[in-house]
Amino acid sequence: MPERRTVALVTLGCARNEVDSEELAGRLAADGWDLVEEAADADVAVVNTCGFVEAAKKDSVDALLEANDLKDHGRTQAVVAVGCMAERYGKELATALPEADGVLGFDDYSDISDRLQTILSGGVHTPHVPRDRRKLLPVSPAERQSAGAVALPGHAQTLAEVPEVPEVPPADLPDGLAPASGPRAPLRRRLGTSPVASVKLASGCDRRCSFCAIPSFRGSFISRRPSDVLGETRWLAEQGVKEVMLVSENNTSYGKDLGDIRLLETLLPELAAVDGIERVRVSYLQPAEMRPGLIDVLTGTDKVAPYFDLSFQHSAPGVLRAMRRFGDTERFLELLTTIRGKAPQAGVRSNFIVGFPGETEADVAELERFLGSAGLDAIGVFGYSDEEGTEAAGYGEKNDPEVVAERLERVSRLAEELTAQRAEERLGETVRVLVESVDGDDGPVGRGAHQAPETDGQILLAASEGEGEGADGGAGAGAGAGAASRGQGLVVGRMVEAKVVATEGVDLIAEPLGEGAEGFNEEAGR
């Protein structure tokens with residue numbers, strides 16, 4: 001019997017990339033590859049790169065170079081770049097980074113096994129010449145679903161890829177693969193054991209923000225069919241997933257190419273009703289596209305998190321217009337008032353760019369005014385830098401790098417203070433916590449409905465006062481609720497009701513209530 005081929009996937013960037021990696025893992029596992037966690041244990045290390053901003057591109061290059069070093073003293077024989085940076089630069093990346101044995105674009109994903117085998121055997125796969133992927137689909141969204149085969153990472157397989165799908169008993173499939181129930185059945189392999197998983201709702205973006213290059217290499221917006229999203233969610237629930245997070249470049253546009261811009265409002269209750277799913281979260285919402293019906297569903301549907309990941313980017317009208325975006329401080333505050341009028345505990349996060357070309361001190365002051373009134377739970381602040389191929393890269397009135405750095409530091413410091421204050425406002429709230437880990441130094445840790453994975457804070461579950469060294473109930477009391485008092489009676493994947501008793505910056509400390517507290521406190525008191 002020939003030796004099994006092994007492959008490791010190293011994923012950088014956003015949750016969308018994580019979904020893409022699991023699709024690649026599914027394809028490779030179905031073709032007989034053994035998936036391993038560490039690149040040093042693999043014949044081929046596949047690095048799923050990010051191509052969004054300079055810092056992310058640098059991280060991707062560093063990861064490729066680190067994997068390449070393994071070839072000198074490990075099992076690794078080849079290093080291959082995939083993902084957004086590979087798609088965006090193609091042949092240019094291959095020339096600039098000869099340490100990568102292959103650079104594969106999105107069009108290579110359906111043949112990933114053959115591509116890796118060619119490279120592993122010493123062959124050469126000619127890297128693609130990048131093209132504007134917006135031109136691969138019709139301008140009219142209504143014509144896109146019937147436009148033919150276009151590579152859409154993270155989507156279900158198309159009929160062109162699977163002309164005939166035999167009925168395969170689940171027991172005969174490799175571990176972690178979705179059973180093929182039809183030509184659009186998901187092909188995916190989980191790369192971790194987290195009770196949270198992302199599901200791709202759509203790909204691409206039709207917006208033309210002047211600072212963003214993503215549409216050029218991710219393409220125009222195209223929705224996945226609701227049946228595919230539902231089918232993949234059911235499969236994930238069978239794998240033990242408790243929370244699904246819907247991801248795309250712009251979830252508020254979902255359904256516009258399927259003839260129903262309100263399709264998300266219909267789909268969310270169906271996803272929440274899937275057996276085993278305890279929480280559905282929607283990310284990447286555009287403020288200009290928010291509508292009353294969507295707010296109602298997000299704030300009033302059982303198991304749908306009242307969570308709003310709103311892409312504000314700024315609040316000064318002049319800066320927003322230069323960004324090719326819409327809104328201002330008052331309209332954004334009005335939107336937040338509407339949301340909290342329906343769900344006072346709703347979580348809201350957003351990202352902001354400072355130092356944009358033409359931004360003045362008055363514009364920064366306006367942004368600071370908005371942040372001071374918005375009550376956001378999580379804030380990401382980024383300093384502007386030119387991205388090649390974007391409209392803003394050609395703008396005049398560029399702020400000096402020193403000015404951008406100063407504004408970044410100033411607004412970041414304000415954001416840190418404001419989010420810590422917002423966390424303190426949650427003292428006394430009852431939260432539903434999905435337990436995500438129990439073995440770390442902090443004891444059981446999870447997240448509430450207002451906290452998304454990776455980007456937001458977390459909740460440390462503390463034994464109630466009197467059980468070990470419980471929290472003293474005041475803001476900033478986290479030091480008193482040390483790991484010694486945080487027992488291990490809770491299990492990963494369990495949803496627990498808890499009361500917020502203290503804060504540590506943006507993180508909360510909460511005591512389990514009711515049934516969840518019993519096993520927890522028994523263990524903590526030992």
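Source: prediction; values computed, not measured.

## Digging into the overall build of the protein chain
When helices and strands are counted, the protein chain shows 14 helices and 18 strands. Within the protein chain, the proportion of its 526 residues that are buried is 53%. Taken as a whole, the protein chain presents about 22,000 Å² of accessible surface, with 49% of it coming from carbon and sulfur.

## A short note on the nonpolar core
Core analysis: the biggest nonpolar cluster contains 63 residues, and Leu 246, Leu 268, Phe 308 and Leu 310 have the highest contact counts within it. Counting residues per element, this core draws most heavily on helix α8 (residues 263-272), at six residues. Among the nonpolar cores identified, the runner-up in size contains 22 residues, and Val 82, Leu 116, Ile 119 and Leu 120 belong to it.

## Description of the confidence of the model for the protein chain
The share of residues in the protein chain with pLDDT of 70 or more is 86%, and the mean pLDDT across the chain is 86. Taken together, the stretch residues 466-488 has pLDDT below 50 and engages in 60 contacts with residues farther than four places along the chain or on a different chain. Every residue in residues 519-526 scores below 50 in pLDDT, and together they form 20 contacts with partners more than four places removed in sequence or on other chains.

## So, the sheet that holds strand β14 (residues 430-437)
The strand order around the closed barrel built from five strands is β14-β15-β16-β18-β17, with neighbouring strands paired in mixed fashion. Between one strand axis and the next, the sheet turns by 50° as a mean value, whatever way the strands run. For strand β15 (residues 445-447) and strand β16 (residues 459-461), the ladder comprises two bridges, and the chain directions are antiparallel. Bridge pairing links Val 445 to Leu 460 in β16.

## Examining the packing of aromatic side chains
Two aromatic rings are characterised by how far apart their centres lie and by the angle between their planes. Using the criterion set out here, one finds nine aromatic pairs in the structure. Ring geometry for Phe 106 against Tyr 109: centres 5.6 Å apart, planes inclined by 80°, an arrangement best described as edge-to-face. Taking relative accessible area as the criterion, Phe 106 reaches 3% and is therefore assigned buried. A relative accessible area of 2% means that Tyr 109 is categorised as buried. Pairwise contacts between aromatic rings join Phe 211, Phe 356, Tyr 384 and Tyr 395 into one cluster. Lying across the ring of Tyr 284, Arg 16 places its NZ or CZ 4.6 Å from the centre. For the cation-ring pair, Arg 281 lies above Tyr 307, with the distance from its terminal atom to the ring centre recorded as 4.6 Å.

## Overview of helix α7 (residues 226-238)
A rise of 1.5 Å per residue sets the reference length of α7, with its 13 residues, at 18 Å; its end C-alpha atoms lie 18 Å apart and thus fit the reference within 8%. Those residues of α7 hidden inside the fold are in contact with β6 (196-200), β9 (243-247) and α8. Downstream of α7 by a residue or two, Gly 240 has a phi angle that is positive, lying close to 100°.

## Describing the pattern of salt bridges
By the definition in use, this model includes 46 salt bridges. Between Asp 108 and Arg 115 there is a salt bridge, with the nearest N and O atoms lying 2.8 Å from each other. Measuring nitrogen to oxygen at the nearest pair gives 2.8 Å for the salt bridge that ties Glu 289 to Arg 207. Here the residue Glu 289 occupies a position in the loop between β10 (279-282) and α9 (292-300), and Arg 207 occupies one in the loop between β7 (202-203) and α6 (214-218), the gap between them amounting to 82 residues. For Arg 207, a relative accessible area of 15% corresponds to the buried category. When salt bridges that share partners are traced, they join Glu 359, Glu 361, Glu 368, Glu 406, Arg 407 and Arg 410 into one network.

## Some thoughts on the packing of helix α1 (residues 15-30) against helix α5 (residues 112-120)
Contact pair α1 / α5: the axes reach a minimum separation of 9 Å and the direction vectors enclose 75°. By the criterion of interaxial angle, the relationship of α1 to α5 is roughly perpendicular. Every residue of α5 that contacts α1 at Leu 24, Arg 27 and Leu 28 is listed here: Ile 112, Ser 113 and Leu 116.

## Remarks on the UniProt feature "binding site: [4Fe-4S] cluster 2" (unreviewed entry) in the protein chain
As recorded in UniProt, the sites labelled "binding site: [4Fe-4S] cluster 2" (unreviewed entry) are Cys 205, Cys 209 and Cys 212. Among the structural elements, Cys 205 can be located in the loop between β7 and α6. Not counting residues within four places of it along the chain, the set of residues in contact with Cys 205 comprises Pro 215, Gly 219, Ser 220, Phe 221 and Glu 249. Leave out the neighbours within four places in its chain, and Cys 209 touches Met 323, Arg 324 and Arg 325.

## Quick look at the sheet that holds β6
The parallel open sheet is built from three strands, whose spatial order is β6-β9-β10. Both edges of this open sheet fall to β6 and β10, since each of them pairs with a single strand only. Sheet twist, expressed as the mean angle between neighbouring strand axes with direction ignored, is 25°. The sheet contact formed by β9 and β10 spans four bridges and is parallel. Pairing of Met 245 across the sheet is with Arg 281, part of β10.

## Focus: the pairing of strand β1 (residues 6-11)
Pairing of β1 with strand β2 (residues 34-35), which is carried by two bridges, proceeds in the parallel orientation. In the strand pairing of β2, Val 7 is matched with Leu 35. In this view, the connection linking β1 to its parallel neighbour β2 by way of α1 has right-handed handedness. In the sheet, β1 pairs with strand β3 (residues 44-49) via five bridges, with the strands oriented parallel. In the sheet register, Val 7 faces β3, and the bridge partner there is Val 44.

## Digging into the environment of Gly 505
Following the sequence through the fold, Gly 505 ends up in the loop between β17 (495-504) and β18 (507-512). The spacing of Gly 505 and Glu 416 is 89 residues in sequence and 7.9 Å in space, taken between C-alpha atoms. Filtering out sequence-adjacent residues up to four positions away, Gly 505 remains in contact with Ala 420 and Ala 423.

## Focus on helix α2 (residues 54-69)
When the terminal C-alpha atoms of α2 are compared, their 23 Å separation across 16 residues agrees well with the 22 Å that a helix rising 1.5 Å per residue should span. Taken together, the buried positions of α2 are Ala 56, Lys 57, Ser 60, Ala 63, Leu 64, Ala 67 and Asn 68. The arc that holds every buried residue of α2, seen down its axis, measures 140°, which confines them to one face. Seen from the buried face of α2, the exposed residues on the opposite side, beyond 90 degrees, are Ala 55, Lys 58 and Glu 66.

Thresholds applied
- Residues numbered from 1 in each chain as written.
- Predicted model: local features only at pLDDT ≥ 70, side-chain atom pairs only at ≥ 80, totals over all residues.
- Heavy atoms only, no water.
- Helix = DSSP H or I, 4+ residues; strand = E, 2+ residues; numbered from the N terminus.
- Buried < 20%, exposed > 50% of the residue type's maximum accessible area, 1.4 Å probe, protein only.
- Areas by Shrake-Rupley, 256 points an atom, 1.4 Å probe, with all protein chains shown as cover.
- Core = buried A, V, L, I, M, F, W, Y, C linked by side-chain atoms within 4.5 Å.
- pLDDT = per-residue confidence, 0-100.
- Contact = heavy atoms within 4.5 Å.
- Pairing = 2+ DSSP bridges.
- Axes fitted to C-alpha atoms, helices over the stretch in contact; angles between N-to-C directions.
- Phe/Tyr/Trp six-rings, centres within 6.5 Å; stacked < 30°, edge-to-face > 60°.
- Lys NZ or Arg CZ within 6 Å of the ring centre and 35° of its normal.
- Expected span 1.5 Å × (residues − 1).
- Salt bridge = Lys/Arg side-chain N within 4 Å of Asp/Glu carboxyl O.
- Parallel < 35°, antiparallel > 145°, perpendicular 65-115°, else oblique.
- UniProt positions renumbered as here; feature names shortened; annotations may be inferred.
- Right-handed = clockwise from strand over helix to strand, strands pointing away.
- Arc of directions from axis to C-beta.

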